[in-house]
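So you can see what is in the structure, the chains are spelled out below.
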Amino acid sequence: MAQAKKKTVKKAAKQAPAKKAAVKQAPAKKAAPAKAISAKSGAWTKPYIAKPGDPVRIGVLGGSGIYGMAGLTQQKWRKVSTPWGDPSDELLFGKLDGAELVFLPRHGRGHVHSPSEVNYRANIDALKRVGCSEVISVSACGSFKEHLPPGTFVIVDQFIDRTFMRQKSFFSTGMVAHVSAAHPVCHRLGDALEQAAKDAGITAQRGGTYLCMEGPQFSTQAESLLYKSWGCDVIGMTNAPEAKLAREAELCYASVAMVTDFDCWHPDHEHVDVASVIRVLLDNASKGQSLVAHAVKYLKDRPAHCHQGCDTALENALITAPEKRDPKLLKKLDAVAGRVLNR
Ligand SMILES: [Zn+2]
């Protein structure tokens, strides 16, 4: 019984129940009806090319518990079509603190897509396609560290990718590319999030390693102890393929992992009551939105180029000889690699 009870509790921790999740959804009344912005029927949405002087457009990927964005004005949900299939949901366009923001609920409104089934390529492509230059990921996670209790945030800077059932690259036969993933997140965005956490009064650790597991089941205790012995800080099911795809798409990407519970390694935290777990999840979701809102002011004045080179990641990455490239694949790369392919 104790085991069964624990399983239920843990599931609740990282997968927001639809009933509770609905609390955080943007009110249907305020959202305008979905409007496709495809260039023509049956084609994918035309890539948006930012002009000099255009305001920065910030993409936000919301994880479990975050299905809308508090404070977002002029909200409009829009369908965006990509060559990689449908994103998790329509994208929510709006303004926040003077900046343009595009929000995408990673699991869809109502939490319909499991971590293995999220179309990560479509999500990243869609954000790039509509003109986002930076992407902030906000998601729930488990903790491997005593000093990172529930309610703590980690501004992740490294990943260990243990996923195996996902499409993790935009490139394949006909157009091979190898980008660097040595430093998979953007330090400029990390700086903004660190400062925003201070401003918002949120306890956040700068830096940390995120173990990305396939799921949907949570770790066995042996796995949990193994990952802890590797020095990982937090565990989740979504961020690693996302960060790598963002790099391929030349987007600046940063991840905030919000601790919901200690993973099952902790001897004193094996039995947690559902109410407290749900409370942490909802409290984190609220704090996560506050963090994004506070970060916007540090991201409004985007430098011409990312000092870390996120926006030029494909510069020397395309390997396939021009005469051997697959025209069909090149067409699908119009948003992701348009900068290097169309010159
Ligand atoms: Zn960057």
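Structure shown above.
Thresholds, definitions, all that
Residues numbered from 1 in each chain as written. Predicted model: local features only at pLDDT ≥ 70, side-chain atom pairs only at ≥ 80, totals over all residues. Helix = DSSP H or I, 4+ residues; strand = E, 2+ residues; numbered from the N terminus. Buried ≥ 20, exposed ≤ 12 C-beta atoms within 10 Å, placed from the backbone. Contact = placed C-beta atoms within 7 Å. Expected span 1.5 Å × (residues − 1). Axes fitted to C-alpha atoms, helices over the stretch in contact; angles between N-to-C directions. Parallel < 35°, antiparallel > 145°, perpendicular 65-115°, else oblique. Left-handed = near helix turned anticlockwise from the far one by under 90°. Nonpolar A, V, L, I, M, F, W, Y, C, P; charged D, E, K, R; others polar. Pairing = 2+ DSSP bridges.

Summing up its helical and strand segments, the protein chain has 9 helices and 12 strands in all. Every one of the 343 residues in the protein chain was classed for burial, and the buried ones make up 48%. Long-range pairs, those at least 24 residues apart, make up 86% of the contacts in the protein chain between residues at least 6 apart in sequence.

Let us look at helix α4 (residues 187-200). For α4, built from 14 residues, the straight-helix expectation of 20 Å at 1.5 Å per residue is met to within 8% by its first-to-last C-alpha distance of 20 Å. In this structure, the buried side of α4 is in contact with β6 (134-143), β7 (153-156), β9 (204-206), β12 (252-262) and α7 (274-299). One or two residues past the end of α4 sits Gly 201, with phi positive at roughly 70°.

Counting buried residues along helix α6 (residues 239-248), 10 of its 10 residues qualify, which places the element largely inside the surrounding structure. The set of residues buried in α6 consists of Asn 239, Ala 240, Pro 241, Glu 242, Ala 243, Lys 244, Leu 245, Ala 246, Arg 247 and Glu 248. Once α6 finishes, Glu 250 follows within two positions and takes phi at roughly 60°, a positive value.

Attention now moves to the packing of helix α3 (residues 120-129) against α6. Contact pair α3 / α6: the axes reach a minimum separation of 10 Å and the direction vectors enclose 40°. Classed by the angle they form, the pair α3 and α6 counts as oblique. As for the relative orientation of α3 and α6, their crossing is right-handed in sense. Here Tyr 120, Arg 121 and Ile 124 of α3 lie close against α6, whose contacting residues are Pro 241, Glu 242, Leu 245 and Ala 246. Grouping the constituent residues of the contact of α3 with α6 by class yields 5 nonpolar, no polar and 2 charged.

In this structure, Pro 216 follows Gly 215 across a cis peptide bond, with omega equal to 0°. With respect to the helices and strands, the residue Pro 216 is situated in the loop between β10 (209-212) and α5 (221-229). Not every positive phi belongs to a glycine, and Asp 97 is a case in point at roughly 50°. Mapped onto the fold, Asp 97 is located in the loop between β4 (91-96) and β5 (99-105). Despite not being glycine, His 111 shows a phi value in the positive range, around 55°. Within the secondary structure, His 111 is located in the loop between β5 and α3.

Let us look at the packing of α4 against α7. The interhelical angle for the contact between α4 and α7, taken along N-to-C directions, is 125°, at an axis separation of 8 Å. With respect to α7, the element α4 is oriented oblique. Considering the relative orientation of α4 and α7, their crossing is right-handed. Note on element contacts: α7 touches α4 through Ser 290, Leu 291, His 294, Ala 295, Tyr 298 and Leu 299, opposite Ala 192, Leu 193, Gln 195, Ala 196, Ala 197, Asp 199 and Ala 200. For the contact of α4 with α7, the per-class residue count stands at 9 nonpolar, 3 polar and 1 charged.

Counted residue by residue, β6 has 10 buried out of 10 residues, so it is predominantly covered. Pairing analysis gives 5 bridges linking strand β2 (residues 57-62) to β6, with the strands arranged parallel. The residue of β6 that forms the bridge with Val 60 is Ile 136. Summarising the sheet, β6 and β12 pair through 10 bridges and their orientation is parallel. Bridge pairing links Glu 134 to Cys 252 in β12.

By the criterion of burial, β5 is predominantly enclosed, with 6 of the 7 residues buried. Pairing of β2 with β5, which is carried by 6 bridges, proceeds in the parallel orientation. Following the sheet pairing, Arg 57 is matched in β5 by Glu 100. Here β4 pairs with β5 via 5 bridges, running antiparallel. Residue pairing in the sheet places Phe 93 in a bridge with Val 102 of β5.

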